[in-house]
Structure formats: C-alpha cells, structure tokens
Amino acid sequence: MLIAREFIAYLSRQLIRRLSPQVIETSDGAAAAEVIAIIIEDELAVEDRLNDEVRDLLSQYSEYMRRENVSYQEMFRRIKNTLISQRKVIRASGRDSGDAMKLSRDKINDISHKLVTQFRKAREFRLKKDQNDVRLEIVKAMTELLTVEEKVDRAARTKIKTQKKEIPEGSEEWDLLHRRYYGEELKKLGIDLNR
C-alpha cells in the first residue's frame, strides 16, 4: 500500500481531532476514525489491485518482452496507464502525477468527496458546515498531515542510503530498516502512531 496502514489510522484519528467539533460532530470518535480509515484504505487498494493485475498480465508476456527487448518497467507503465484511462481510476501515487507527496492531489480530492458522502449517510457524523467547506477542510488537513509523512519517509530513506553497504529497496533488510527509521523520525516530531 502506498501509505502504511498505521499512518492511515493516525491520519484518520487526526482528521477527527481537527474537524471536531467546528466542522463535523461525531458521537463516537473512534468509530468515526475507523470509518475514515476504511474509506482511505479502500481507495488506495484500488491501485494496488491494478498493479497486481498488470504484473499478472506481464508474467504472461515475459518471453515476448525478452525476445523483443522491451523493458519490464516500460511495459508496466504502458499497460497501467491504459487500464487507468479505461477504468477511469484516479491515480493514487503523487509521484506518478508530478505531485511532491506520495498521494496525488487528485486522489486527496477524490477521497474528500467520498468522505463527505459517507459523513452525510452515517449516523456517527453530523456536518456543521456546507458540504464543500467540509471537503475543503478535509483536503487541507490531509495535505498537511501527508506533507509531514513525506518528510518522515524521505528522512528514513536517506538514513538507509547512508548505510555502509548498499541495501536494495524492497529487500527484507530495507523494509525492516525503513520501518525502524520511519518510526524514529515520527517520534522526533512527537507523532505516536498508536495514539
């Protein structure tokens, strides 16, 4: 997933804290945060499933790509872009769309629309402002929190790069170090993912 589940849970709790009681009212903050986390995870899972589908397609054509000297990354990008446009999926990765953060501005806007729709339907929420004002507050809060997350992630990656030996991204060692450094950087900022 593009963003760690722990950070999604933290992001959801922070959204409730920042929006309550001025923008929304909620009877159960924990349940409300869970609703937000589920929506965000579901939205990010769409692109994860799409990536898996592209990998499956490419595994069927590995011999062709080798014979025609076509790079895996190029074919992956082409097929993914084709599927995204056919299915009208909003790209989650900000880096793919030129945004500085992990999550694209379009995806943040899309999530904000889905959150407001859910707020209107669910009993746990009551909007205290106009729908669009609530949506804009969600976008603002998410952008601020994701900017902090991006800085933390970048700092963790930098620490890994400064190791004496080269550690390839995606390896078990890289994942363990990233998780550790990511947690350390969050703590430096006073962020506890468990609260």
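Below you will find a few notes about this structure. (Residues numbered from 1 in each chain as written. Predicted model: local features only at pLDDT ≥ 70, side-chain atom pairs only at ≥ 80, totals over all residues. Heavy atoms only, no water.)

Counting secondary structure elements, the protein contains 7 helices and 2 strands. By principal-axis analysis of the C-alpha atoms, the protein measures approximately 60 × 45 × 25 Å. When the 195 residues of the protein are sorted by exposure, 39% land in the buried category. For the protein, contacts bridging at least 24 residues in sequence account for 64% of all contacts bridging at least 6. Here the protein holds 39 positive side-chain charges and 35 negative ones, and the gap between their average locations is 3 Å. (Helix = DSSP H or I, 4+ residues; strand = E, 2+ residues; numbered from the N terminus. Buried < 20%, exposed > 50% of the residue type's maximum accessible area, 1.4 Å probe, protein only. Contact = heavy atoms within 4.5 Å. Lys, Arg positive; Asp, Glu negative; His and termini not counted. Charge placed at Lys NZ, Arg CZ, Asp CG, Glu CD.)

This brings us to the nonpolar core. A general tendency of soluble globular proteins is for nonpolar side chains to be buried together. Leu 103 and Met 142 are the most contacted members of the largest nonpolar core, which totals 44 residues. Every element with two or more residues in this core is listed here: α1 (5–19), α2 (29–60), α5 (105–121), α6 (131–161) and α7 (172–188). (Core = buried A, V, L, I, M, F, W, Y, C linked by side-chain atoms within 4.5 Å.)

Turning our attention to the environment of Ser 59. Residue placement: Ser 59 occurs in helix α2. Separated by 13 residues in the primary sequence, Ser 59 and Tyr 72 place their C-alpha atoms 9.7 Å from one another. Engagement of the side chain of Ser 59 in a polar contact is seen with the backbone oxygen of Asp 56, the distance being 2.7 Å. (Polar contact = N/O pair within 3.5 Å; in protein donor to acceptor, adjacent residues only side chain to side chain.)

Here we come to the pattern of salt bridges. For the structure shown, the criterion picks out 20 salt bridges. Arg 18 is the salt-bridge partner of Glu 144, the closest N and O atoms lying 2.6 Å from each other. Residue Glu 144 is found in helix α6, and its partner Arg 18 is found in helix α1; the two are separated by 126 residues along the sequence. On the basis of relative accessibility, which here comes to 37%, the residue Glu 144 falls in the partly exposed class. On the basis of relative accessibility, which here comes to 37%, the residue Arg 18 falls in the partly exposed class. (Salt bridge = Lys/Arg side-chain N within 4 Å of Asp/Glu carboxyl O.)

The end-to-end C-alpha distance of α1 is 21 Å, a good match for the 21 Å that 15 residues give at a rise of 1.5 Å each. What α1 keeps buried is the set Phe 7, Ile 8, Tyr 10, Leu 11, Ser 12, Gln 14, Leu 15, Ile 16 and Leu 19. (Expected span 1.5 Å × (residues − 1).)

So, about the packing of α1 against α2. Relative to each other, α1 and α2 sit at 130°, their axes nearing to 8 Å. Judged on the interaxial angle alone, α2 and α1 are oblique. Here α1 runs over α2; the crossing is right-handed. Seen from α1, the contacting residues are Arg 5, Ile 8, Leu 11, Ser 12, Arg 13, Leu 15 and Ile 16; seen from α2, they are Gly 29, Ala 32, Ala 33, Ile 36, Ala 37, Ile 40, Glu 41 and Leu 44. Here the contact of α1 with α2 is built from residues that sort into 10 nonpolar, 2 polar and 3 charged. (Axes fitted to C-alpha atoms, helices over the stretch in contact; angles between N-to-C directions. Parallel < 35°, antiparallel > 145°, perpendicular 65-115°, else oblique. Left-handed = near helix turned anticlockwise from the far one by under 90°. Nonpolar A, V, L, I, M, F, W, Y, C, P; charged D, E, K, R; others polar.)

This next bit is on the side chain of Asp 110. Checked against the element boundaries, Asp 110 lands in helix α5. Here Asp 110 falls in the buried class, since its relative accessible area comes to 15%.

Time to look at the packing of α5 against α6. One can describe the packing of α5 onto α6 by two numbers: an axis separation of 9 Å at closest approach and a directional angle of 130°. In terms of axis orientation, α5 runs oblique to α6. Crossing hand, α5 versus α6: right-handed. For the pair α5 and α6, contact is made by Arg 105, Ile 108, Asn 109, Ile 111, Ser 112, His 113, Leu 115, Val 116, Phe 119 and Arg 120 and by Gln 131, Val 134, Arg 135, Ile 138, Val 139, Met 142, Thr 143 and Leu 146, respectively. Here the contact of α5 with α6 is built from residues that sort into 10 nonpolar, 5 polar and 3 charged.

For the rest of this paragraph, the subject is the environment of Val 54. Mapped onto the elements of the fold, Val 54 is located in helix α2. In the structure, Val 54 is positioned 34 residues away from Lys 88 in sequence and 16 Å away in space, judged by C-alpha atoms. In this structure Val 54 touches Phe 76, Ile 79, Lys 80 and Leu 83, once residues within four positions along its chain are discounted.

Turning our attention to unusual backbone geometry. Negative phi values dominate among residues other than glycine, just as trans dominates among peptide bonds. The linkage connecting Ser 20 with the following residue, Pro 21, adopts the cis geometry, with an omega of -10°. Take Pro 21: it is sitting in the loop between α1 and β1 (24–26). Residues other than glycine seldom take positive phi values, yet Asn 69 does so here, at roughly 60°. You can see Asn 69 is positioned in the loop between α3 (62–68) and α4 (72–87). Positive phi outside glycine occurs at Lys 88, with the angle close to 55°.

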